[in-house]
Amino acid sequence: MVNAFRVLTTALLLCCAAPVLAQGTNVTFGAITQDTSLPVEVTADNLAVDQSSGTAVFTGNVMIGQGEMRLTAARVLVTYKSQNAGIAKLEATGGVTLVTGQDAAEAERADYSIDSGEIEMSGNVLLTQGNSALTAEKMFVNLRNGTARMSGRVKTILQTGNN
């Protein structure tokens, strides 16, 4: 379903109108800003913990929730801060989807730095916001202020309102 949506959206972007191409663009992301101090809830089919490296690997139908934000992926590597002081970062791979408010983004990979509240999504990024869609190679999301920056062959269709 997600792949069919991606193919359909990309086809519409490329075929229905002349796309706007740029090397980078700034967009808003999320109807609300994200409180990065909220607890992170993770569910998955499997979990492997490595105490010596301070990591945990969640695999199979992984879903991460923090406040209103949801992130899903096939695999998520969690790196903990020293002395069990919380989570330092999350590395999600395999069909990553990030949803907050009415916005949704898909990519091959997402790296989330908990302390900074920044997510870097890479690999065939697709951002949908209502009827609008943007594609790029990378997207950098700042959850604290609800902004995002896209780079690497950004493509979109700008609606004129005359349709």
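Residues numbered from 1 in each chain as written. Predicted model: local features only at pLDDT ≥ 70, side-chain atom pairs only at ≥ 80, totals over all residues. Heavy atoms only, no water.

Caption draft 1: Looking closely at the overall build of the protein chain. Helices and strands together make up the secondary structure of the protein chain, namely one helix and ten strands. Reading the secondary structure of the protein chain in the N-to-C direction produces α-β-β-β-β-β-β-β-β-β-β. Across the 163 residues in the protein chain, those meeting the buried criterion constitute 37%. A sequence separation of at least 24 residues applies to 43% of the contacts in the protein chain between residues at least 6 apart. Surface summary for the protein chain: the accessible area is close to 8900 Å², and the carbon and sulfur share equals 53%. (Helix = DSSP H or I, 4+ residues; strand = E, 2+ residues; numbered from the N terminus. Buried < 20%, exposed > 50% of the residue type's maximum accessible area, 1.4 Å probe, protein only. Contact = heavy atoms within 4.5 Å. Areas by Shrake-Rupley, 256 points an atom, 1.4 Å probe, with all protein chains shown as cover.)

Caption draft 2: Layout of the pairing of strand β9 (residues 132–142). The sheet contact formed by strand β8 (residues 118–129) and β9 spans ten bridges and is antiparallel. Residue glutamate 118 lies in a different strand from β9, and its bridge partner there is asparagine 142. The hairpin formed by β8 and β9 contains two residues between the paired strands, and glycine 130 there has a positive phi angle of roughly 60°. Direction of pairing for β9 relative to strand β10 (residues 147–156): antiparallel, over a ladder of seven bridges. Counted as the bridge partner of threonine 135 is lysine 155 from β10. (Pairing = 2+ DSSP bridges.)

Caption draft 3: Examining the environment of leucine 38 more closely. Structurally, the position occupied by leucine 38 is in the loop between β1 (20–28) and β2 (41–43). Owing to a relative accessible area of 33%, leucine 38 belongs among the partly exposed residues under this scheme. Taking the C-alpha atoms as reference, leucine 38 lies 6.2 Å from glutamine 66; in sequence the two are 28 residues apart. If we ignore the near neighbours within four places in the chain, the residues touching leucine 38 are Gln66 and Gly67.

Caption draft 4: Structural view of the nonpolar core. Counting 30 residues, the largest nonpolar core has Leu71, Val76, Ile119, Met121, Met139 and Met150 as the members making the most contacts within it. Of all the elements in the fold, those that place two or more residues in this core are β4 (55–66), β5 (69–80), β6 (87–100), β7 (103–113), β8, β9 and β10. Looking at this core, the element that brings in the most residues is β5, giving five residues. Dropping the residues within four chain positions of it, leucine 71 is found in contact with Val62, Met63, Ile64, Ala92, Val96, Thr97, Leu98 and Ala110. (Core = buried A, V, L, I, M, F, W, Y, C linked by side-chain atoms within 4.5 Å.)

Caption draft 5: The arrangement of the confidence of the model for the protein chain in detail. In the predicted model, the protein chain carries a mean pLDDT of 79, and 74% of its residues have values of at least 70. Strand β3 (residues 46–50) holds the highest mean pLDDT among the elements of the protein chain, 96, whereas helix α1 (residues 2–15) holds the lowest, 35. (pLDDT = per-residue confidence, 0-100.)

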